[in-house]
There are 2 protein chains.
Amino acid sequence: MKNPPSLEELIAAFRCLPGVGAKSAQRMAFHLLQRDRAGAARLGAALGRVLDAVRHCERCNSFSETDVCGLCSSSQRDASLLCVVETPADLLMLEQAQCYGGLYFVLMGRLSPLDGIGPKDIHLDRMLQRAADGLVKEVVLATNFTNEGEATAHFISEMLASRGIKVTRIARGLPVGGEIEHVDSGTLARAVIERRSV
Amino acid sequence: MKNPPSLEELIAAFRCLPGVGAKSAQRMAFHLLQRDRAGAARLGAALGRVLDAVRHCERCNSFSETDVCGLCSSSQRDASLLCVVETPADLLMLEQAQCYGGLYFVLMGRLSPLDGIGPKDIHLDRMLQRAADGLVKEVVLATNFTNEGEATAHFISEMLASRGIKVTRIARGLPVGGEIEHVDSGTLARAVIERRSV
């Protein structure tokens, strides 16, 4: 005894989502069928539309419905600054922080030799081309402070150094509101090493 | 700065899934767009098909693509036994345990006055009709041993008692492999109270 075939297929299809196993997939399918058929129809339609509409911006490589995204085509942004981030989620976080007025390049990943992700997979050739447009004066590296993010930042900085473009890295240190008593020792050590004059 | 409209709509649509908040919904949408467009197309198609194909079995009320589901139309099942469960997931668990050869009725819920779920919402009229078909000799209550599941079982047993149908409840007690030292005291107390002669 199993579920009807179309229901089994839906459960299998839900497993393509990150972090969704057999039990969660079944719960999602049952929930939609029993309690939220309108939500299921909306989700199905949204999936269809997004696949039609969304591609990558020619300039920043983030998701966009147009060849060049709204941010890249804005005249309000400082074209001399190019910030490199791993994902569109990181870009959104930086925009929410309202601390940066330049443009972006989204790698859509990070260097990860163990997963077979090399320079080509994170579009470093396009990033280089973008940084060499003659307007960019400074590349701000905002990859994560994980091993892979750090390796990616190091690799990019080496690439750009030989081209005479200024490269900076966002600061590490204690978080705002952070207490020395409670911060991890790695972060504290970095904050001391990278101390600045006041 | 936000995501493109069709992507924002997909993120909003993912939030109809149980346990999916804003961050998870965005992660799911980004994952599909970036790493699994084929999976997204499959999920969209599966949602469309399941909404077209799946309704409730006229007899057991579980999900079915036909008026009467395969289990209910099987000649292999004992029509004198009717097991009442809360959800299709519970029915599948019982079938996997290969311990029961009768038929089922799926309530698609449980009595829960606090959530405004009363007897009508769990199809008790149809369950009664089903139990009164002249073939059913015993109704096996297999709702959960939660407060709500217990209340539902109690309510159904009262309804059926006046109609002269034998009503049983699946057993509580220590799980198979359970150790007295490690079981919770409520379960242990029940196991003592409901002890049986050997």
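Residues numbered from 1 in each chain as written. Chains lettered and ligands numbered in written order. Predicted model: local features only at pLDDT ≥ 70, side-chain atom pairs only at ≥ 80, totals over all residues. Heavy atoms only, no water.

Asker: Just checking my understanding: could you explain the interface of chain B and chain A for this structure?
Answerer: Often the size quoted for an interface is simply the accessible area lost on bringing the parts together. Each side of the interface is counted separately: chain B has 55 residues, and chain A has 55 residues. Summed over both partners, the interface of chain B with chain A comes to about 4,900 Å²; 70% of that surface belongs to carbon and sulfur atoms. Connecting chain B to chain A are four salt bridges. One salt bridge in this structure joins Glu9(B) and Arg42(A), with 3.0 Å as the shortest N-O distance. For the pair chain B and chain A, the interface holds 12 residue pairs in polar contact (both at pLDDT 80 or more). For the side of chain B that touches chain A, the elements supplying multiple residues, two or more each, are helix 1 (5–14), helix 2 (22–35), helix 3 (37–53), strand 1 (55–56), strand 2 (63–64) and helix 4 (88–97) of chain B. Of all the elements, helix 3 of chain B adds the most residues to the side of chain B that touches chain A, at 13 residues. (Contact = heavy atoms within 4.5 Å. Buried area = accessible area lost by both parts, 1.4 Å probe. Salt bridge = Lys/Arg side-chain N within 4 Å of Asp/Glu carboxyl O. Polar contact = N/O pair within 3.5 Å; in protein donor to acceptor, adjacent residues only side chain to side chain. Helix = DSSP H or I, 4+ residues; strand = E, 2+ residues; numbered from the N terminus.)

Asker: Hey, could you run me through the relation of the copies chain B and chain A in this one?
Answerer: For these two chain copies, the linking operation is a rotation about an axis paired with a shift along it. Here chain B sits on chain A after a turn of 180 degrees about the axis and a move of 0.0 Å along it, with an RMSD of 0.0 Å. The operation mapping one copy onto its partner corresponds to a two-fold rotation axis. In terms of proximity to the rotation axis, the leading residue of chain B is Gly44(B), whose C-alpha is 2.2 Å off the axis. When the interface residues of chain B are mapped onto chain A, 100% of them again fall at the interface, so both copies present the same face. (Least-squares fit on C-alpha atoms with pLDDT ≥ 70 in both.)

Asker: What is the right way to look at the nonpolar core in this model?
Answerer: Soluble globular proteins: nonpolar side chains tend toward being buried together. Core analysis: the biggest nonpolar cluster contains 115 residues, and Phe14(A) and Phe14(B) have the highest contact counts within it. With residues near it in sequence (within four places) discarded, Phe14(A) still touches Val20(A), Ala25(A), Met28(A), Ala29(A), Leu32(A), Leu43(A), Leu17(B), Leu43(B) and Leu47(B). (Core = buried A, V, L, I, M, F, W, Y, C linked by side-chain atoms within 4.5 Å. Buried < 20%, exposed > 50% of the residue type's maximum accessible area, 1.4 Å probe, protein only.)

Asker: What exactly am I supposed to notice about the sheet that holds strand 6 (residues 166–169) of chain A here?
Answerer: Hydrogen bonds along the backbone pair up the strands of a sheet, which may run parallel or antiparallel. All names here are of chain A. Pairing in this open sheet of four strands is parallel, and the strands run 4-3-5-6 from one edge to the other. Each having just a single partner strand, strand 4 (102–106) and strand 6 make up the two edges of the open sheet. Taking the axes of each pair of neighbouring strands and ignoring which way they run, one obtains an average angle of 25 degrees across the sheet. Packing against the sheet, helix 4 (residues 88–97) makes contact with strand 3 (78–85) and strand 4, and its axis sits at approximately 160 degrees to strand 4. Against the sheet, helix 5 (residues 124–131) engages strand 3, strand 4 and strand 5 (138–141), with an angle of about 160 degrees to strand 4. (Pairing = 2+ DSSP bridges. Axes fitted to C-alpha atoms, helices over the stretch in contact; angles between N-to-C directions.)

Asker: Got a minute to help me understand unusual backbone geometry in this structure?
Answerer: Excluding glycine, residues mostly have negative phi values, and the peptide bonds linking residues are mostly trans. Residues and elements named next belong to chain A. In this model, Met-108 sits at a positive phi of 60 degrees, which is unusual for a non-glycine residue. Mapped onto the elements of the fold, Met-108 is located in the loop between strand 4 and helix 5. Taking relative accessible area as the criterion, Met-108 reaches 6% and is therefore assigned buried. Although it is not a glycine, His-123 sits at a positive phi angle of roughly 60 degrees. With respect to the helices, strands and loops of the structure, His-123 is situated in the loop between strand 4 and helix 5.

Asker: In this structure, what is going on with the packing of helix 2 (residues 22–35) of chain A against helix 4 of chain B? I would like to understand it.
Answerer: Relative placement of two packed helices is described by the angle separating their axes and the distance separating the axes. Relative orientation of the contacting elements helix 2 of chain A and helix 4 of chain B amounts to 135 degrees, with a least axis distance of 10 Å. With respect to their mutual orientation, helix 2 of chain A and helix 4 of chain B come out oblique. Judged by residue contacts, Lys23(A), Gln26(A) and Phe30(A) of helix 2 of chain A engage Pro88(B), Ala89(B), Leu92(B) and Met93(B) from helix 4 of chain B. Residue composition of the contact of helix 2 of chain A with helix 4 of chain B, grouped by class: five nonpolar, one polar and one charged. (Parallel < 35°, antiparallel > 145°, perpendicular 65-115°, else oblique. Nonpolar A, V, L, I, M, F, W, Y, C, P; charged D, E, K, R; others polar.)

Asker: Would you take a moment to explain the sheet that holds strand 4 (residues 102–106) of chain B for this structure?
Answerer: Residues and elements named next belong to chain B. If you walk across this open sheet you meet the four strands as 4-3-5-6, and the pairing is parallel. Bordering the open sheet on either side are strand 4 and strand 6 (166–169), each of which pairs with just one other strand. Averaged over all pairs of adjacent strands, the angle between their axes in this sheet comes to 25 degrees, without regard to strand direction. Relative to strand 5 (residues 138–141), strand 3 (residues 78–85) is paired through four bridges, and the arrangement is parallel. Counted as the bridge partner of Leu-81 is Glu-138 from strand 5. Contacts from helix 5 (residues 124–131) reach strand 3, strand 4 and strand 5, with the element oriented near 160 degrees to strand 4. Contacting strand 3, strand 5 and strand 6, helix 6 (residues 147–161) runs over the sheet at an angle of about 165 degrees to strand 6.

Coordinates in, geometry out; function isn't part of it.
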